[in-house]
Structure formats: C-alpha cells, structure tokens
Amino acid sequence: MGSPRHIVALVPAAGQGVRLGEQLPKAFVPVGGTPMLTLAVDGLIASGVVDHIVIMAPDALIDAAVAMLPAGPVPVSVVAGGVERTDSVRAGLAAAPLATHVLVHDAARALTPPSLIARVVAELVAGHPAVVPGLPVTDTVKAVDADSVVTGTPDRAGLRAIQTPQGFDARLLRDAYAQNLPATDDAGLVEMLGAPVRVIPGDPLAFKITTQLDLRLARTLLADNPTRAVVRP
C-alpha cells in the first residue's frame, strides 16, 4: 500500500494588487462584505478534498489574516509571504513538508466554485502529475514584436486561459521550484521539467479579481446571490 494522501492548498496572499487601486493588499479587500482571502479559503474547505491550507500573507498582516479565517474541520496555517509570488509559494511549500499533492490557489479567484477544486484533486488522485483548469479563449489573440507590430495570429482553438487552483504532485512542484527559473505560473515551471500538464474545463466564476471592473463584477455576483459568500459546510 502507498503512503496516505495529504493534500495541501497554498494560497499566495502577499501581493499588493496595485492594479486594483484599493488601500488594502488585494487579498484583504472585501467582496460582498467578506475579504477575498476568506472567500477563497471557504471555497477550499467547502470542496471537501483539502487536508491543510497554508496562507502566505504579508508579514505585517499575519495576525490580521489569522483573525479573519474560519474555524472548521481543515487546519489553516499562516506564514510570511515573499516579495514575489514565487517566493511566497516557496514559503508555503516549506510549511507543508508532509504534502503528497499541492494546490496553488490565488486568493483573488475568490468565487471559484468548490466543485472545480474537487475536480482538480480528482484528476491528481487519478494519477496526473499536474492539473490546471482552463477556459477556451474567445478573443482573437495577436503575437507582437517589441514595436507592437503583429508577428502572427495563433489559432485560438488550441489556446486556454488558465485559472487556479493548479494542482501538482508535491515532489514534482518542489523539483520545479528548485530550478529557480522564471515563469508566470506554477504550471509553467513544471512544463520546463518536461512533465505533462493536464488541462481540465475551468469555470467562469474562477475569474481573477485584478481590476476595479473585476471587483465590481464580483460584488455584483455576490449581491445577486448572497448565499455564495457563505460556502462553509
């Protein structure tokens, strides 16, 4: 028999969110009266597939992060994040030495349905070493050079807009981070090792709250369906 599974969700929450234009770091900005970080953690707990959650918060806001977290069946730890997102994920990995599988989930994707989280974990448990949710790209995408001149038009049928949580075999993700290579997401680091990354259908509600328009949309969605703000089992 193999070792028991231990699934840990890492939630980077140390970013300042400059594009959002709020006074607070992005993860602490309220949506429908509840901070994004709390909504994201509630969704992870409600999925029923996570054994431990580690939040990487700004050092000065660790106590504030602890105070806003729900008491429940899943233990939640808060550690200091880093300047860059990759630094925060490294800190989270260090705080989860027993993890067999790791989810990396943006606090800014606060409305992510618990069912999507469960589907990512189901694919991991089925044996896929890396799993990410994604949506088909609906806009035409242009590749441009340094002078903003179009160099090509990729076929959007083969493109996906990737969301979180991104799920990984824990050893694979640790190996990827050990390479100290630049990437825009965790799956990109794993791809550099040559590991296959499986894309499963994402969910429109897992959009990232990055701008004021995104924030208005999220608040409107919760105002239309306030029960979504309370997803604790």
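The rules we used
Residues numbered from 1 in each chain as written. Predicted model: local features only at pLDDT ≥ 70, side-chain atom pairs only at ≥ 80, totals over all residues. Heavy atoms only, no water. UniProt positions renumbered as here; feature names shortened; annotations may be inferred. Helix = DSSP H or I, 4+ residues; strand = E, 2+ residues; numbered from the N terminus. Buried < 20%, exposed > 50% of the residue type's maximum accessible area, 1.4 Å probe, protein only. Contact = heavy atoms within 4.5 Å. Polar contact = N/O pair within 3.5 Å; in protein donor to acceptor, adjacent residues only side chain to side chain. Axes fitted to C-alpha atoms, helices over the stretch in contact; angles between N-to-C directions. Parallel < 35°, antiparallel > 145°, perpendicular 65-115°, else oblique. Left-handed = near helix turned anticlockwise from the far one by under 90°. Nonpolar A, V, L, I, M, F, W, Y, C, P; charged D, E, K, R; others polar. Pairing = 2+ DSSP bridges. Right-handed = clockwise from strand over helix to strand, strands pointing away.

As recorded in an unreviewed UniProt entry, the protein goes by the name 2-C-methyl-D-erythritol 4-phosphate cytidylyltransferase, listed as coming from Nocardia terpenica. Listed under Pathway (unreviewed entry) in UniProt, the entry text for the protein is "Isoprenoid biosynthesis; isopentenyl diphosphate biosynthesis via DXP pathway; isopentenyl diphosphate from 1-deoxy-D-xylulose 5-phosphate: step 2/6."

S.K.: Got a minute to help me understand the UniProt feature "site: Positions MEP for the nucleophilic attack" (unreviewed entry) in the protein in this structure?
M.R.: What UniProt calls "site: Positions MEP for the nucleophilic attack" (unreviewed entry) maps, in this numbering, to R156 and K208. With respect to the element layout, R156 can be found in the loop between β9 (150-152) and β10 (160-162). With relative accessibility at 40%, the residue R156 sits in the partly exposed group. Contact partners of R156, with chain neighbours within four places excluded, come to V137, T138, D139 and T140. One polar contact links the side chain of R156 to the main-chain carbonyl oxygen of T138, over a distance of 2.7 Å. Locating K208 in the fold gives a position in the loop between β12 (198-201) and α7 (212-224).

S.K.: I'm lost on the environment of V121 in this one. Help?
M.R.: Tracing the chain through its elements places V121 in helix α4 (residues 114-125). V121 gets classed as buried once you look at its relative accessible area, which sits at 4%. Spatially, the C-alpha atom of V121 lies 25 Å from that of G15, the residues being 106 residues apart in sequence.

S.K.: Any chance you could explain the packing of helix α3 (residues 85-94) against helix α5 (residues 170-178) here in plain terms?
M.R.: Two measures define how a pair of helices packs: the angle their axes make with one another and the distance between the axes. Interaxial distance between α3 and α5 falls to 11 Å at its minimum, and their mutual angle equals 135 degrees. In terms of orientation, α3 lies oblique with respect to α5. The interaxial crossing formed by α3 with α5 has left-handed handedness. Seen from α3, the contacting residues are T86, V89, R90, L93 and A94; seen from α5, they are L173, R174 and Y177. Its residues assigned to classes, the contact of α3 with α5 comprises five nonpolar, one polar and two charged.

S.K.: Teacher, can you tell me more about the pairing of strand β4 (residues 52-57) here?
M.R.: Walk down a regular strand and you will see the side chains alternate between the two sheet faces. Taking burial as the measure, the six residues of β4 include six buried ones, the bulk of the element. Taking every second residue as pointing to the same face, both faces of β4 are buried, with H52, V54 and M56 on one and I53, I55 and A57 on the other. Where strand β1 (residues 7-12) meets β4, five bridges bridge the pair, whose relative direction is parallel. In the sheet register, P12 faces β4, and the bridge partner there is M56. Read as a crossover between parallel neighbours, the route from β4 over helix α2 (residues 62-67) to strand β5 (residues 76-80) is right-handed.

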